[in-house]
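So you can see what is in the structure, the chains are spelled out below.
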Amino acid sequence: MASLSLVEELLQKPHRDILDVLVLNYLQSRSYLCSPVGGAEERHLESRSYLCSPVGGAEERHLESSEANEGSDDLEEDPFFFSDSQLLPPPLSSSPSASPPSGMGSSADVVNSFLCLVPVQVRSAQLLQEGGYESYVHDAHTLVTDCGSLSLSWDWPIRLRPPSDEDQFFEGPLLGVLFTRLGRVLEQPYEVSLQVTAVLSRLSSFSHPLLQEYLMNPYIHLSHCCRSLFSVLIRLMGELMQRIQPVSNLTDRLLDTRRHLLGLTPNTGLEHLTLLKGIIVLEEFCKELAAIAFVKLPLESRDSPGDSAGPAVPHLDLQ
């Protein structure tokens, strides 16, 4: 917890070398990518259907933080992990005048990709009439602006170089720990989960194209046994669907947990409290990532022609 707090503090007023040493140097080769191969369409459909239905056969696969650099070795056997294929099918349509970076879809495509990760049966924000991802847009705009101001003089590249076919990808110790801890959201202390998601949100808000691709692009082809932020979330949602099976009155319990977290009700010793808190963290984190994606993508990919009133929030298809 203290180490994560220190990392967040370093990222709030960082020197360029901090991001280089902690994250960017490990992503430079882009060897987490692979080229599309035959039969990709079928795997795309499998990935899409995976987001909407529970997957059976979960295995224990949690790693110690000190072993984060070895975590990818076990992903090959992970039933919740998709490697050597695209996590999501490419967007069905895009405007030729709006070309989001790194092969991403439109703002609405990417926003929906993060929001649709959360299964409908565990969404609880609307039960207390809390806002959707739109409620995070103002904070996301502030965060992205702050991170952009910090990196303004760092001469970061605008375009990505071609991926290397030779280097074996290692995500680095920081991202390794963050991804591993994110994968434990359903079973670790609430405060740790909040710290993990806060650090990932700040990293996602920086404007470096490698961070944009690796952390914010749901459409990338991952190389064998590599993981990204989106792939970790996909696997976690599958585990979530397994874990909620024995929980009765799930909707009521999620509502009670939200009230407790908001200080509206005292702690009444709810069963499955860690799991319920983890589900709420995931729902809010996906909304936050959706808001960051909306803010970061090019304005032309989300504005209506002739709209002078500012960017409109894209229509969301959550079914």
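Residues numbered from 1 in each chain as written. Predicted model: local features only at pLDDT ≥ 70, side-chain atom pairs only at ≥ 80, totals over all residues. Heavy atoms only, no water.

The record held by UniProt for the protein lists under Sequence similarities (unreviewed entry) the comment "Belongs to the FHIP family." (UniProt positions renumbered as here; feature names shortened; annotations may be inferred.)

A.B. asks: Sorry, what's going on with unusual backbone geometry here?
C.D. replies: If a residue is not glycine, its phi is most likely negative; likewise, a peptide bond is most likely trans. Although it is not a glycine, arginine 30 sits at a positive phi angle of roughly 55°. For arginine 30, a relative accessible area of 10% corresponds to the buried category. (Buried < 20%, exposed > 50% of the residue type's maximum accessible area, 1.4 Å probe, protein only.)

A.B. asks: Please clarify how the state of the cysteines should be interpreted in this entry.
C.D. replies: Disulfide: a covalent bond connecting the sulfur atoms of a pair of cysteines. Under the definition given, this model contains 0 disulfides. Cysteine 226 provides the cysteine sulfur closest to cysteine 225, a residue in no disulfide bond, and the two sulfurs are 7.5 Å apart. By relative accessible area, which is 10% here, cysteine 225 ends up buried. (Disulfide = S-S within 2.5 Å.)

A.B. asks: Is there a simple way to explain the environment of glycine 176 in this structure?
C.D. replies: Looking at where glycine 176 falls in the secondary structure, it is placed in helix α6 (residues 173-182). Under the relative-accessibility criterion, glycine 176 is labelled buried at 0%. In this structure the C-alpha to C-alpha distance between glycine 176 and arginine 227, which are 51 residues apart in sequence, comes to 9.4 Å. (Helix = DSSP H or I, 4+ residues; strand = E, 2+ residues; numbered from the N terminus.)

A.B. asks: Explanation requested: the packing of aromatic side chains in the structure shown.
C.D. replies: Two numbers describe a pair of aromatic rings. These are the distance of the centres and the angle of the planes. Under the criterion given, the structure shown has 9 aromatic pairs. Ring pairs connect the aromatic residues Tyr32, Phe169, Phe179 and Tyr214, which therefore count as one cluster. (Phe/Tyr/Trp six-rings, centres within 6.5 Å; stacked < 30°, edge-to-face > 60°.)

A.B. asks: Sorry if this is basic, but what is going on with the pattern of salt bridges here?
C.D. replies: When the charged atoms of two side chains with opposite charge come close together, those side chains can pair. What the rule picks out here adds up to 10 salt bridges. The partner of glutamate 213 in a salt bridge is arginine 30, with the nearest N and O atoms 2.5 Å apart. On the criterion of sequence distance, the pair formed by glutamate 213 in helix α8 (residues 209-216) and arginine 30 in the loop between α2 (16-27) and α3 (40-50) is long-range, its members being 183 residues apart. One salt-bridge network, held together by shared partners, links Arg258, Glu283, Glu284 and Lys287. (Salt bridge = Lys/Arg side-chain N within 4 Å of Asp/Glu carboxyl O.)

A.B. asks: So what exactly am I meant to see when it comes to helix α9 (residues 229-243) here?
C.D. replies: It helps to recall that an α-helix has 3.6 residues per turn; residues three or four apart then point in one direction. For α9, spanning 15 residues, the distance from its first C-alpha to its last is 21 Å, which sits close to the expected 21 Å at 1.5 Å a residue. Within α9, 13 of the 15 residues are buried, leaving the element largely enclosed by the surrounding structure. (Expected span 1.5 Å × (residues − 1).)

A.B. asks: Looking at this structure, I do not really get helix α10 (residues 250-261). What am I missing?
C.D. replies: Taking 1.5 Å per residue as the helical rise, α10 with its 12 residues ought to reach 16 Å, and the 16 Å between its terminal C-alpha atoms agrees with that figure. Structurally, α10 contributes buried residues whose contacts are with α11 (273-296). Among the residues trailing α10, glycine 263 stands out with phi positive, at a value near 80°. (Contact = heavy atoms within 4.5 Å.)

A.B. asks: Please explain the packing of α2 against α6 as it appears in this structure.
C.D. replies: Helices that pack against each other are described as a pair by the angle of their axes relative to one another and the distance between those axes. Direction vectors running N to C along α2 and α6 enclose 95°, while the axes themselves pass 7 Å from each other. Overall, the two elements α2 and α6 adopt an arrangement that is roughly perpendicular. Where α2 abuts α6, its residues Leu22, Val23, Tyr26 and Leu27 lie against Pro173, Leu174 and Leu175. (Axes fitted to C-alpha atoms, helices over the stretch in contact; angles between N-to-C directions. Parallel < 35°, antiparallel > 145°, perpendicular 65-115°, else oblique.)

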